[in-house]
Amino acid sequence: MIGESPTRSGPFAHTANTVQRTMFMVLLALLPATLFNLYLFGWPAILLFAVTVGACVVAEAACLVLAGKPVSATLSDGSAILTGWLLAMTLPPWAPWWIGVLGAMFAIPLAKHAFGGLGQNLFNPAMVARVALLVSFPVVMTAWVAPHPLFTTGSPTLHEAMTITFAGETPDGVTAATALGYVKTELSRGVPVSESLQEYGRSSVLTYAPDLMDLATGFKPGSLGETSAGLILLGGIFLLWRRVITWHIPVMMIGTLFFMGTLFNAFDPTRFAPGFFHILSGSAILGAFFIATDYVTSPVTQKGQLVFGFGVGLLTWTIRTFAGYPEGMAFAVLLMNSLTPIIDQYTRPRMFGRTRKGEPLPVEGQR
Amino acid sequence: MKLFPIRGGIHPEYRKELTGDCAIEALPLPSRLYIPLQQHIGVPAEVLVSEGDLVSKGQVIARRQGPVSVNQHAPTSGRVAAVTEISAPHPSGLHQPTIVIEPDGADAWGALAEPITDPFAVDAQTIEARVAECGIVGMGGAGFPSAVKLNLGIRHRIETLLINGAECEPYLTCDDRVMREHADEVIDGARIMAHALNAPKIVVAIEENKPQALAIMTAAAQAHPHLEVVAVPAKYPMGSERHLTLAITGRETPARKLTADLGVVVHNVATARAVHHAVRHGRPLVARVVTVSGQAMRTPKNVEAPIGATVSDLIAFCGGFAQRPERLVQGGPMMGALLPGTDVPVVKSTSGILALTAEEINDRRADPCVRCGSCVAICACGLVPVEIAAHIRHDDLDGAARLGLMDCVSCGSCSWVCPSHIPLVHYFNYAKGALNAQERERRKSERTKTLVEARAARVERIAAQRAANLARKPKVVAATEEVGA
């Protein structure tokens, strides 16, 4: 049996890349969208964000201590911060503090350390937490607010924010529906999608009239970090440029979602939302670049990543269109996570000098 | 020329600028030379000299044993000081039989084999015999007896002789310098080898990060229409025999076959030069160019050193260490091996001696695998290193073998690219060794079983025969009685 002792075998050169650097790059890529949304939703969002990330880090440290693993070395890899950050980005921005803390409990001890810690978990910890919270606390988890940018009238002060986040006292008249939610509710009332989409902009509390442009820039209700498709895309392109991720999962996921949306919308625009609406609303872009691409829970082979991206896109569209929930990205990612090992097994590359089945290639023109 | 893509590959920091512009310098004769009897893959040579014998430069001092073995020659004139055992240039540092020569300073060649003035008029066997006699091995690092590879023309129809000047290992510039300074010798050697192989075409493949070598070799190749110099992308492991063959011919060598099965034979540029010396001048392989580099070395150089000079001789010639090296490596940093010390000799396959600093190696404690898939993306052999390593970690070596462990060429790209710095190649080397040992053990027990069974059968046969003889005896008696009656 091979030992874990430090080795003196080659190669005697290594890339400058590290896990820590990778995590740092992802955090950096998330920064523009996060800062914009913290500005958009004001102090309550900032408090919730801090609580969620902090709870994840504390939970990670506690798990490491209990497992007898090196604490500071592992904490510094940044993976707990990233999990907390991504979880916070998918929460309703004015949700109470315990949502963040409970989410951290689902994400870190349950979804990550119960499986053996970094690299061992089958499911994306942030998505496990989000889904567990959504199923357990459906009302709190769908209490969206209209944008209340910092330093504008109506934006809660830090003091007011404390009561919102820590006492759970949401002021009246601030809630709003997300585009996905609105369209879904209206459809169930018999309003065609094509009408409700136009209606959405003029709906009650929304001071902004979101068209596709607003969906992209992010001045709209939604989760704490997912409203600005444009800034998230910017971060995603940064990750592609720095080669932290490859194009396979995001392109396949967004492509599939767009294709399904466009295709069905062409058949029946009263029942099915168009492709652009699908990719620009909810957490489609965030999911494609930052969540479905999670190394640990997605396939390692490039062909497998294409299959995985396709699956997430298809399931997201299916859940949004036919299931009870307006948004399906988190469910789609978790469902595909469970398929990752089997996708990996069936998408191994062809070995050099061998056929797909592993037999040696025949010698051409054998002499 | 149309090139074909190879899968994966990496772009490590080449650091060839440390020695790329250093012209080859001859090492002054050291006070002692240590010539191991085994500097190659195969059977060690047998000693012909004993302590006190006077030898001349180029004299055979150890005779090859069988076809996969090579002669060893005296690298200079002098006296045999000892036939002893010293530490081998291998990470184990195990001792091996070695002839120690004290140079007399005259460096006088003895009687050499007759130069072959027109190698293109002689048959393949003559050239192969000369290459074998002159002790030439693959100088790219593997050290396989070259004559064996010149024999491939008999059983295979060889279309292309591929001269490997890729030199894809970082740091190493010895092949680059040989091409820049001795292009004519390399090309002549290549033409002789092509003649022996009956190969109509020669391709010299050089990575595009060596523009001077490309220009000089292209100019030198002008006179020979069947010889083409080709720039290949600078991408590790382009210099791997099978991958270079794929890049040049577009054909993939089937698993467990040789490139010769595709009609391609690959030889290193320095080997071609050695063949030129052997055939045109009758000179055996007694010296080679070694890149002495690394940021811990005071003055990195390309040194032409006699075989048997010690690593410490070369380090001293390069001004010693500028700082304490973290690792002392022979060969390139990707596939090279740790040197057990500086007292070991330079052998025929030593392409480099690297004194590396901790910053250059950039190794660190291994973190958990995050399944980033980099190792899968870069593996030039189409393997899934992360999965193979997982099987090895759980001692499932057969599972690792099913995933293609034995097809791994140990190029080290996966270890290089791993953000968690997991020593994947170390896992694979361990598992390959363990599997080979298992296989040897299995063959041994099979052999024992056949022997035991054969013995049991023999014993039974003898017993049966004896019983039959006994049974026949009374009959004979009876017959006699009958006669008597």
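Residues numbered from 1 in each chain as written. Chains lettered and ligands numbered in written order. Predicted model: local features only at pLDDT ≥ 70, side-chain atom pairs only at ≥ 80, totals over all residues.

1. So, the overall build of chain A
- A tally of helices and strands in chain A yields 15 helices and zero strands.
- Taking 2.2 N^0.38 as the reference for a compact globule, 367 residues should give roughly 21 Å; the C-alpha atoms of chain A span a radius of gyration of 22 Å, in line with that estimate.
- When its C-alpha atoms are laid out on the principal axes, chain A stretches across 80 × 55 × 35 Å.
- The buried share among the 367 residues of chain A stands at 53%.
- Counting contacts in chain A only where the partners sit at least 6 residues apart, residues at least 24 apart contribute 72% of the total. (Helix = DSSP H or I, 4+ residues; strand = E, 2+ residues; numbered from the N terminus. Rg over C-alpha atoms; globule rule 2.2 N^0.38 Å. Buried ≥ 20, exposed ≤ 12 C-beta atoms within 10 Å, placed from the backbone. Contact = placed C-beta atoms within 7 Å.)

2. Structural notes on the sheet that holds strand β9 (residues 160–165) of chain B
All names here are of chain B.
- Overall, parallel pairing links the four strands, which are arranged β11-β10-β9-β12 in an open sheet. In the strand order of this sheet, the two ends are held by β11 (227–232) and β12 (264–268), each with one partner. Pairs of neighbouring strands in the sheet enclose a mean axial angle of 25°, with direction left out of account.
- Alignment of strand β10 (residues 201–207) against β11, held across six bridges, turns out to be parallel. The residue of β11 that forms the bridge with V204 is V229. (Pairing = 2+ DSSP bridges. Axes fitted to C-alpha atoms, helices over the stretch in contact; angles between N-to-C directions.)

3. Observations regarding the sheet that holds strand β4 (residues 54–55) of chain B
Residues and elements named next belong to chain B.
- Read across the sheet, four strands follow the order β2-β8-β7-β4 without closing on themselves; strand pairing throughout is antiparallel. The open sheet has two edge strands with one neighbour each: β2 (33–36) and β4.
- In this structure, strand β7 (residues 78–87) lies alongside strand β8 (residues 95–103), joined through nine bridges in antiparallel fashion. Paired with T84 across the two strands is T98, which belongs to β8.

4. Description of the interface of chain B and chain A
- Of the residues lining the interface, 58 residues belong to chain B; the matching set on chain A comes to 37 residues.
- Put simply, the parts of the chain that give the side of chain B that touches chain A at least two residues each are β15 (327–330), β16 (337–338), α10 (358–361), α11 (374–378), α12 (385–393), α14 (413–417) and α15 (424–484) of chain B.

5. Here's the deal with the pairing of strand β5 (residues 60–63) of chain B
Residues and elements named next belong to chain B.
- Judged from the two bridges that link them, strand β3 (residues 46–47) and β5 form a sheet pairing that is antiparallel. Counted as the bridge partner of E46 is R63 from β5.
- Strand direction decides the pairing type here: β5 and strand β6 (residues 72–73), joined by two bridges, are antiparallel. From the neighbouring strand, A62 faces β6, where its bridge partner is Q72.

6. Digging into the domain arrangement of chain B
Residues and elements named next belong to chain B.
- Domain boundaries in chain B define domain 1 (16–27 + 120–288) and domain 2 (366–485).
- Domain 1 puts five residues into the contact, and the matching count from domain 2 is five residues.
- The residue inventory of the side of domain 1 that touches domain 2, partitioned by class, reads three nonpolar, two polar and no charged. (Domains from an automatic or database assignment. Nonpolar A, V, L, I, M, F, W, Y, C, P; charged D, E, K, R; others polar.)

7. Considerations on helix α7 (residues 179–188) of chain A
- Looking at α7(A), one finds that the buried residues are A179(A), L180(A), G181(A), Y182(A), V183(A) and K184(A).
- Positive phi appears at G190(A), one or two residues downstream of α7(A), with a value of about 95°.

8. Topic: the pairing of β9(B)
Residue and element names in this part refer to chain B.
- Of all six residues making up β9, six are buried, and the element is well covered by its neighbours.
- The alternating pattern of β9 places T160, L162 and N164 and L161, I163 and G165 on opposite faces, both of which are buried.
- Alignment of β9 against β10, held across six bridges, turns out to be parallel. Residue pairing across strands places T160 opposite K201, the latter belonging to β10.
- Note that β9 and β12 share five bridges and pair parallel. Each bridged residue has a counterpart across the sheet, and for L161 the counterpart in β12 is V265.

9. What about the nonpolar core?
- Ranked by internal contacts, the top residues of the largest apolar core, which has 249 residues, are L161(B), A190(B) and L314(B).
- For this core, the element with the highest residue contribution is helix α1 (residues 19–67) of chain A, accounting for 20 residues.
- Each of two domains, domain 1 (16–27 + 120–288) and domain 2 (366–485) of chain B, supplies a minimum of three residues to this core.
- Filtering out sequence-adjacent residues up to four positions away, L161(B) remains in contact with A190(B), M193(B), A194(B), L197(B), A199(B), I202(B), V265(B) and H267(B). (Core = buried A, V, L, I, M, F, W, Y, C linked by C-beta atoms within 7 Å.)

10. Things to note about unusual backbone geometry
All names here are of chain B.
- With omega at 0°, the peptide bond leading from Y236 into P237 counts as cis.
- Mapped onto the secondary structure, P237 falls in the loop between β11 and α7 (241–249).
- Of note, the phi angle at R256 is positive, near 60°, even though the residue is not glycine.
- Inspection of the secondary structure puts R256 in the loop between α7 and β12.
- Backbone geometry at N362 places phi at a positive 55°, although glycine is not the residue there.
- Of note, N362 is situated in the loop between α10 and α11.

11. A few points about the packing of helix α10 (residues 229–241) of chain A against helix α13 (residues 284–291) of chain A
Residues and elements named next belong to chain A.
- Where α10 meets α13, the closest approach of the two axes is 9 Å, and the angle between their N-to-C directions is 15°. It follows from the interaxial angle that α10 and α13 lie roughly parallel. Note that α10 runs across α13; the crossing there is left-handed. Contact residues: A229, I232, L233, G235, G236 and L239 in α10; I285, L286 and F289 in α13.
- Split into classes, the residues belonging to the contact of α10 with α13 amount to seven nonpolar, two polar and no charged. (Parallel < 35°, antiparallel > 145°, perpendicular 65-115°, else oblique. Left-handed = near helix turned anticlockwise from the far one by under 90°.)

12. A look at the environment of P109(A)
- Here P109(A) shows up in helix α4 (residues 97–110).
- Excluding anything up to four places from it in sequence, P109(A) contacts A59(A), C63(A) and A114(A).

13. Things to note about the environment of L82(A)
Residue and element names in this part refer to chain A.
- Along the polypeptide, L82 turns up in helix α3 (residues 79–89).
- On the neighbour-count criterion, L82 (22 C-beta atoms within 10 Å) is buried.
- Sequence separation between L82 and V53 is 29 residues; the distance between their C-alpha atoms is 8.0 Å.

14. A word on the environment of P171(A)
- With respect to the helices and strands, the residue P171(A) is situated in the loop between α6 (158–166) and α7.
- On the basis of neighbour counts, which here come to 14 C-beta atoms within 10 Å, the residue P171(A) falls in the partly exposed class.

15. Quick word on the confidence of the model for chain B
- Here chain B averages 92 in pLDDT, while 98% of its residues score no lower than 70.
- ipTM for the predicted complex: 0.87, alongside a pTM of 0.88. (pLDDT = per-residue confidence, 0-100.)

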